[in-house]
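Analysis of the macromolecular model
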Amino acid sequence: QVQLVESGGGLVQAGGSLRLSCAASGRTFGMGWFRQAPGKEREFVAGINWSGGSTTYADSVKGRFSISRDNAKNMVFLQMNSLKPEDTAVYYCNADTRTLQPLRVPGDYWGQGTQVTVSS
């Protein structure tokens, strides 16, 4: 069983930065970040493979967001720069215990989510 706890969300002005963290208990392989804005479906943001050597991003965040992980601390991070109002959403950490590749499709485990609000 894997538990995921996100932190680092908040309110930021457009153009600003935030760093989200996800602490995992239990062994994880492929991981990812997803987000859900009000009235919209949950969508993929970024994924990272088990070693951290391979990453993938949604087109909407490519060049602005960066995913990384620290396996010694069992954590994954999402550095978000040049934030836009349309990035406003609840951000969820996701993990899989079988897939080694970066997640673009959700794995089995979700965190509780952290709110990111970008003001214009």
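Up top is the structure.
Predicted, not measured: the structure shown is a model, and the values here were computed from it. (Residues numbered from 1 in each chain as written. Predicted model: local features only at pLDDT ≥ 70, side-chain atom pairs only at ≥ 80, totals over all residues. Heavy atoms only, no water.)

For Asn74, which is not glycine, the phi dihedral falls at a positive 60 degrees. For Asn74, the location among the structural elements is in the loop between strand 7 (65-70) and strand 8 (75-80). Positioned with a positive phi, Ser82 is a non-glycine residue whose angle comes to about 50 degrees. One can find Ser82 in the loop between strand 8 and strand 9 (89-95). (Helix = DSSP H or I, 4+ residues; strand = E, 2+ residues; numbered from the N terminus.)

What follows covers the side chain of Asn49. With respect to the secondary-structure elements, Asn49 resides in the loop between strand 5 (43-48) and strand 6 (55-57). For Asn49, a relative accessible area of 8% corresponds to the buried category. Polar side-chain contacts of Asn49 include one of 2.9 Å to the backbone nitrogen of Gly53. (Buried < 20%, exposed > 50% of the residue type's maximum accessible area, 1.4 Å probe, protein only. Polar contact = N/O pair within 3.5 Å; in protein donor to acceptor, adjacent residues only side chain to side chain.)

So yeah, pure geometry; function would need other evidence.
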